[in-house]
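Structural overview for review
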Amino acid sequence: MAAENSKGEVNDLRRMTMIWVVLSVVADLLFWFLVGPHVPPGRMTETAVNNQRTFNVLLVIALPVLIGVWVYLGYAATMWSAKREGVAESVGGEGARTNRKVQVWWIALTSVIVIFLAGYGTFAVIAEHGSGGGEGPNPVWSPSGATQAETAALSGSSSWTPGHVLVVQVIGQQWKFTYRYPSFGGFESDKLVLPVNTEIAFNVTSLDVIHSFWAYQLSVKADANPQLNNVAYTETKHTGNFTVRCSELCGLWHGSMYNFGKVVSSTDFMNWASTTQSANAANTANLPPFAWTYVPDANGASGGWYPDGTVTPYSTVETYGSKTPAS
Amino acid sequence: MTISAERPTDVVASISAPPPSAASSWTQRPGWLSQHLGTAIVGAVLGYVLGHWFGNFVSSSYPYIANSGQNAIADALGLSVGVLGWLLGIGALNYPLAKMIGREGGEEPAVEGWSKYFRYSLDHKTVGMQYIVGVLLFMFTGGLLAMAIRTELLNPTTHVFSPDTYIKIVSEHGTIMMMMATSIIVGPLGNYLVPLMIGARRMAFPRIEAFSFWIFVAGYMVIFSALPFGGFPTGWTGYAPLQTQAGPGMVSYLLGFAVIGLGMMAAGFNIAVTIINYRAPGMTWSRLPIFVWSILATAALLTLATPVLFAGGLFGLLDKTIQTSFYVTEHGGSSYLWQNLFWFFGHPEVYIMALPGFGIVGEIMPVFTRKPLFAYKVAAAGMIGVALLSFFVWQHHLFQSGINPDMRPLFMLTTELISIPTGFIFLVGMGTLYKAKIRYEVPMLFCMALFFNFLIGGVTGVFLSDVPVNVTVHGGFFVLSHFHYTIMGGLLFAFMAGLYFWLPKMTGRMMNSRIGKWHFWTMFIFFNLTFFPMFVIGLLGQPRRVFTYASNLQGLNDFSSVSAFLLGISFLIFFANLMWSMFISPVKAPANPWDSLGLEWQTANPVPPYNFERIPVIMTDPYRYSEPGAPAFADMGDGLTQSSSTTSSDQA
Ligand SMILES: [Cu+2]
């Protein structure tokens, strides 16, 4: 009886393991070679490539975990069903209650996987300069040259030549995104055009509520907070079009807060930027000076929440819109 | 393990004996002239009118109110005094007020008959039944709103609803469902079963328990009142400054959270104290049923995390009414403050909505496998571990917000660590199934489905916690699908398992198993068909809470919508089963239909008002299934030893 039991045990486990290994290997290979290269957000930027790789590594680890549990559940559900003929009665007692070896192995294995994942994620986010996520006003993981470019942008002495970091400001407001280019006189445009093979420093802010700047194919996502400069980096690798969507609920027209951008060659970018700079010159003169954040005044976008004329928002940053508070 | 087989003689007498009955009070006076749901509604309406009038009276001359054309102070006072009127009307305040003026508050004898369900009942079993109706009402409302959302998303550009209506529907759906989910198991099953499972005659604080239910209903009405007030546009997360900018419906949201928060704190506090202090003799911590462990961990989270939500809602309310600036950056506040407070509550909240589900499967699986719960101590440790860790992960909701970038690796680590104790639950489930002779009754099917669904929910959670992958999946349909897999796929499936399993005990009537299987299979299949495509939709770039999406995603969205409608039909099957089995064609349930060893099945049916004739004495571990010669779990003190089932074949 005992011998038969242990033999059955080995058989069950061996069968499950074999099914699991075969399915896992097949699923992992199919995924890695067939699906992996097409996994969003694609390969348009360095961050996209890296974030795609992280996703794929995670999924290659996840698939055997999923398949392992499913195989077990499926095996149990069919082979040990009371409906099946000749299924052995359940056996209780101490052996069914605990199994120190299984428990220790389970805990050790899950801990190893989890700690590996956390380590791998940490490595990726540091090596990739924040992985395209918003790092706040004082980024801790900047690509080289970014700090100088940002300082130059704010002092108004910025100019851009191919091969250097390009500072682009993203301004969210209900319900659109606009972009300012401090290296080209600080003009503001509703088109986002970027040069290829360039490290971009997005400086994301908002004039009213919280939005989120999500340049999908660039693998960049940074919340646009009012009165906060949220910096995110990426390096463009291929030319093409991309989509920008707001991914933080920002009110009524959140659902239609999107536009499109493109990555073009450096020459095309220079042409576009200098043409737009001169075409927009008159508009640019009316804009507040380039700053990391802008405070809407009493007429501004926060819905007239403080309509009392005596309230003047205190801020060291620029006021956006009319300089005289409403009365 | 040493097992005491002798019944101690001195422990029985004085433990939680029924309180002496005294003069009746209004709450329990029979007849419709006493206090009940009707008087509560009258109180709420009068309170609302009075509060609103008073708010206008004191504040309408302030320029910022006169100019804006809306008076948030009047709205907030109207709703607050309305809630107070509701509590006065139902009689929740009779006892404390009597005590306050020095009178002895009488112990009310319970009203008999069905009208007790409409009163301020101090019997935990009545409260449990009230909660079932309450959460189903919540769920039905939220479910209809979900159907509306999926209808709008049938087409990327053509709109069924205006953007304004759509965003209100989305916000109301999320808020109602989240508030429902905090109570869906703790409320009905926790209140009903915990005293029965620990061998207690009542809850530690029956008045606080009753309060938790009636304030829960008031909170539901306050949150729902957002719709007639014009709705709110923020989703269930209510981020400032959109919150500050929003119209009067926002007051309902903020106050609704505060009101429901009171109920959550009350429920958690009462249940935790009950479990700690009211266990029957012999019910040591290592003999506690696993469901009770899960409810204890949940109760701790309810008690410790909810005050943060309460304070957060209150701050928002002050910002909206008397123009403080907790969340207004221009005036020294911070919109991050709301995000931090909200998620500091919000993440433990996620486990408030997961742990009771783990408890239910842990409780039910041994019955249908006729095996002991595998690795019982690991299961309890897992629940405690999840509860503790859940306080240290909240900033993973803010990975792209620009706050604390250097803390990201830490929050990534803590978030991923939580999958270790969560994994314990899978170990326990799979170990229990091992070489069992599994009976597929309806509750067991729901348990198996929980493992299937929650695995997907948990694994995708690891993707979300990974900062690089989070860039793509944050704020999109991927995360939406992830939390529906954990909350709906986990908690709601567990709730259904629990209802099918325990309704025979609670009502004395069996749920029809044939319709139940139809319900299960439609719910399981269409749940997965609704939400699995949403992972892909999210990866392909669709943000949450939008009414316009890329036209190439219409196929997947339509597939998901049609599945969602069919999922809605599976809930109609459930309601049909409920009506059929409970009212139209009831079948009397046997005393112990599933042949469970659980203490709750050992007392008489229907359960007497004070649960146990004599306080049982717990003799051994729970779940000693298929163990010939094992002593009975409890000595019921009636001279008969509880029948101990030994093998799977001895059930009828
Ligand atoms: Cu937006």
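Residues numbered from 1 in each chain as written. Chains lettered and ligands numbered in written order. Predicted model: local features only at pLDDT ≥ 70, side-chain atom pairs only at ≥ 80, totals over all residues. Heavy atoms only, no water.

1. Thoughts on the overall build of chain B
Scanning chain B from N- to C-terminus turns up 21 helices and two strands. Rg of the C-alpha trace for chain B: 25 Å, near the compact-globule value of 26 Å for 652 residues, within the 12% margin. With respect to the principal axes defined by its C-alpha atoms, chain B has extents near 75 × 60 × 50 Å. Within the span of chain B, comprising 652 residues, buried residues form 66% of the whole. (Helix = DSSP H or I, 4+ residues; strand = E, 2+ residues; numbered from the N terminus. Rg over C-alpha atoms; globule rule 2.2 N^0.38 Å. Buried < 20%, exposed > 50% of the residue type's maximum accessible area, 1.4 Å probe, protein only.)

2. Considering the domain arrangement of chain B
Residue and element names in this part refer to chain B. Domain boundaries assigned for chain B yield domain 1 (32-105) and domain 2 (116-584). At the interface, 20 residues of domain 1 touch 24 residues of domain 2. Across the interface of domain 1 and domain 2, roughly 2,000 Å² is buried in total on both sides, 76% from carbon and sulfur atoms. The tally of links between domain 1 and domain 2 comes to zero salt bridges. Element by element, the count of residues in the side of domain 1 that touches domain 2 is highest for helix H3 (residues 72-90), at ten residues. Grouping the constituent residues of the side of domain 1 that touches domain 2 by class yields 13 nonpolar, six polar and one charged. (Domains from an automatic or database assignment. Contact = heavy atoms within 4.5 Å. Buried area = accessible area lost by both parts, 1.4 Å probe. Salt bridge = Lys/Arg side-chain N within 4 Å of Asp/Glu carboxyl O. Nonpolar A, V, L, I, M, F, W, Y, C, P; charged D, E, K, R; others polar.)

3. Some details on the pairing of strand S2 (residues 176-181) of chain A
Residues and elements named next belong to chain A. Where burial is concerned, most of S2 is hidden: five out of the six residues are buried. Bridging between strand S1 (residues 166-173) and S2 involves five bridges; their strand directions are antiparallel. Note on S2: the bridge partner recorded for Val-170 is Tyr-179. The antiparallel pairing of S1 with S2 creates a hairpin that spans two residues between the two strands. Joining the antiparallel neighbours S2 and strand S3 (residues 187-189) is a turn of five residues, in which Gly-185 adopts a positive phi near 75°. (Pairing = 2+ DSSP bridges.)

4. Quick word on the sheet that holds strand S5 (residues 199-206) of chain A
Residue and element names in this part refer to chain A. An order of S3-S2-S1-S5-S8 is seen for the five strands of this open sheet, with the pairing classed as mixed. Each end of this open sheet is capped by a strand with a single partner; those strands are S3 and strand S8 (230-235). Strand after strand, the sheet turns through a mean of 25° between neighbouring axes, direction not considered. In the packing of helix H6 (residues 266-279) onto the sheet, the strands contacted are S1, S2 and S3, and the crossing angle to S3 comes to about 110°. (Axes fitted to C-alpha atoms, helices over the stretch in contact; angles between N-to-C directions.)

5. Side note on the nonpolar core
Core analysis: the largest hydrophobic core is formed by 242 residues, its most contacted members being Ile-185 and Trp-502 of chain B. Not counting chain neighbours up to four residues away, the residues in contact with Trp-502 of chain B comprise Leu-189, Leu-193, Met-197, Ile-360, Glu-363, Ile-364, Glu-600 and Trp-601 of chain B. Residues Met-44, Phe-177, Ala-215 and Val-263 of chain A belong to the second largest nonpolar core, which totals 36 residues. (Core = buried A, V, L, I, M, F, W, Y, C linked by side-chain atoms within 4.5 Å.)

6. Observations regarding the packing of helix H2 (residues 46-79) of chain A against helix H16 (residues 419-433) of chain B
One can describe the packing of H2 of chain A onto H16 of chain B by two numbers: an axis separation of 10 Å at closest approach and a directional angle of 30°. Of the possible angle classes, the one that applies to H2 of chain A and H16 of chain B is roughly parallel. As for how H2 of chain A packs across H16 of chain B, the hand of that crossing is left-handed. Where H2 of chain A approaches H16 of chain B, its residues Val-69, Tyr-72, Leu-73 and Ala-76 of chain A are matched on the opposing element by Phe-426, Met-430, Gly-431 and Leu-433 of chain B. For the contact of H2 of chain A with H16 of chain B, the residue count by class is seven nonpolar, one polar and no charged. (Parallel < 35°, antiparallel > 145°, perpendicular 65-115°, else oblique. Left-handed = near helix turned anticlockwise from the far one by under 90°.)

7. Structural notes on the coordination of the copper ion
All names here are of chain A. Taken together, His-211 (ND1), Cys-246 (SG), Cys-250 (SG) and Met-257 (SD) make up the full set of protein donors to the copper ion, lying 2.0 to 2.6 Å away. Considering all four donor atoms around the copper ion, the spread of angles at the metal, 91 to 130°, places the coordination shape in the tetrahedral class. All donor residues of the copper ion come from one chain, and their arrangement in sequence is H-x34-C-x3-C-x6-M. With a gap of 46 residues between them, His-211 in strand S6 (residues 211-215) and Met-257 in the loop between strand S9 (240-246) and strand S10 (258-264) connect regions that are remote in the sequence. Judged by relative accessible area, Met-257 falls into the buried class, the value being 1%. (Donors = N, O, S within 2.8 Å, 3.2 Å for Na, K, Ca; no water. Tetrahedral: all angles 85-135°; square planar, octahedral: opposite > 155°, others 65-115°.)

8. Overview of the side chain of Ser-24 of chain A
All names here are of chain A. Within the element layout of this structure, Ser-24 appears in helix H1 (residues 2-35). Relative accessible area serves as the criterion here: at 5%, Ser-24 is assigned to the buried category. Non-local contacts of Ser-24, meaning those with residues more than four positions away in its chain, are made with Pro-64 and Ile-67.

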